[in-house]
Amino acid sequence: MVAGAGLFGLTVAERCARDLGLRVLVVERRGHIGGNAYSEIEPSTGIEVHRYGAHLFHTSNERVWNYVNRFTAFTDYRHRVFTIAGDRVYPMPINLATICAYFGRAMSPGEARAMIAAQAGEVAQPANLEEKAISLVGRPLYEAFIRGYTAKQWQTDPRDLPAEIITRLPMRYTFDDRYFADRYQGLPVDGYTAWLERMADHPLIEVRLGTDFAELGAAGNVPVVYTGPLDGYFGRAEGALGWRTLDFEFEVMPQGDFQGTSVMNYADEHVPYTRVHEFRHFHPERDYPGDRTVIAREYSRFAGPGDEPYYPIGTPADRARLARYRELARAEKDVLFGGRLGTYTYLDMHMAIASALAMYGNRIRPRFRRQACA
Ligand code: FAD
Ligand code: NA
């Protein structure tokens, strides 16, 4: 049994059914498969929208790339992000074009490096996130691009956040403004849902939607791969693990193009949202209407009990709880914990798939192969 029909659970189910010939029951709490990679068509425009935030596939892992291409082809979409700071637009992550535009003059990579190093030298021993960021990029770029955005992401003044939240900030001293450096990237040609449905489309796989694993009382009867929240599995016995969540405000706009690009960040603190997604720009190859477009404004906050967990926070208290949950998980007979919720780790899609393939190869296949030979 697999609990959770996200990319981790679907990869495990697909391998067990196709490679081992096992019958697999996938139980999924939501009313659809695909986990957070799920997308749907906005009915009045026909535009594919990502309900849980924009998902861009990218990987340098050959094995993962070959695996996903069994289920879908990918477009040649290359992700780029821009940010509005003050009344100007700049490319992100901060690169030489951003630096030259912000300081209003042409600089060579060496000149830009020397200038940023001098500005960053202001802080020797960072005591909070603000000082840490200044020690990495200098005060001017911090104030323009990082302070407001970070304050909105955490709903906290960066001076009150621990320095450890960031170890590095992406900075490029070239004009390369591609968001991902990976060898392979693109969007599934027929959309995410077609891809994810093809993974589950096997006579040995049964998917039961709207079904919470906890309510089945199945633990102990069959081997389980559990991809729901780790603390939830144990009834939060060691306390709740902290997450940030996002709110998406979708709107159909009465124009063909709202912002000219797929993702626009808003660096300034007085703008309440962190980014605006415009979904038509993910698929310029599609025949979308010319007089309407769909956008989603994204807001960030701490997750409460009923909210979707999106990004693990990982405070020292979270880390201590996580260590205790991991001990409990190790002792749980015939249950493997995987995926972003089951391990309390941020995983990109290619990482979730790679980690599911590794669990399958190292833990699941050897066990059932032995059983088949015995
Ligand atoms: P999930 O997709 O979360 O799937 C877990 C499933 O388990 C869910 O469907 C859930 O409903 C179900 N479940 C939970 N508890 C239970 C239970 N008790 N019983 C039954 N079912 C249960 N990755 C990229 O590569 N590119 C991106 O651009 C990208 N953008 C992202 C943007 C956001 C806002 C977020 C949060 C993530 C993004 N990701 C991106 C990461 C991507 O979403 C994950 O890699 C992927 O979701 C991991 O799959 P998963 O199966 O581990 O988890
Ligand atoms: Na994303």
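Residues numbered from 1 in each chain as written. Chains lettered and ligands numbered in written order. Predicted model: local features only at pLDDT ≥ 70, side-chain atom pairs only at ≥ 80, totals over all residues. Heavy atoms only, no water.

Here the domain parsing of the protein chain yields domain 1 (2–79 + 184–373) and domain 2 (95–165). Distance from the C-alpha centre of domain 1 to the C-alpha centre of domain 2: 32 Å. On the domain 2 side, the residues contacting the 15 residues of domain 1 number ten residues. Buried area between domain 1 and domain 2, summed over both chains or domains, comes out near 1100 Å², and the portion from carbon and sulfur atoms is 56%. Taken together, the elements giving at least two residues each to the side of domain 1 that touches domain 2 come down to β12 (263–266) and β14 (293–302). With three residues, β14 is the largest single contributor of residues to the side of domain 1 that touches domain 2. (Domains from an automatic or database assignment. Contact = heavy atoms within 4.5 Å. Buried area = accessible area lost by both parts, 1.4 Å probe. Helix = DSSP H or I, 4+ residues; strand = E, 2+ residues; numbered from the N terminus.)

This next bit is on the site of ligand 1. Around ligand 1, a shell composed of 31 residues is seen, among which Glu-28, His-55, Leu-56, Leu-347 and Met-349 lie nearest. Interatomic distance of 2.7 Å between a side-chain N/O atom of His-55 and an oxygen atom of ligand 1. One nitrogen or oxygen atom from the main chain of Asp-348 is found 3.2 Å from an oxygen atom belonging to ligand 1. Here ligand 1, which alone exposes 1000 Å², has 97% of that area covered by the protein. (Near = heavy atom within 4 Å. Polar contact = N/O pair within 3.5 Å; in protein donor to acceptor, adjacent residues only side chain to side chain. Areas by Shrake-Rupley, 256 points an atom, 1.4 Å probe, with all protein chains shown as cover.)

Let us now look at the sheet that holds strand β13 (residues 275–278). Sheet architecture is open: seven strands sit in the order β7-β6-β12-β13-β14-β11-β15, paired in mixed fashion. Looking at which strands have only one partner, the edges of the open sheet turn out to be β7 (88–92) and β15 (311–312). Across three bridges, the pairing between β12 and β13 is antiparallel. The residue bridging Met-264 from the neighbouring strand is Val-276, located in β13. (Pairing = 2+ DSSP bridges.)

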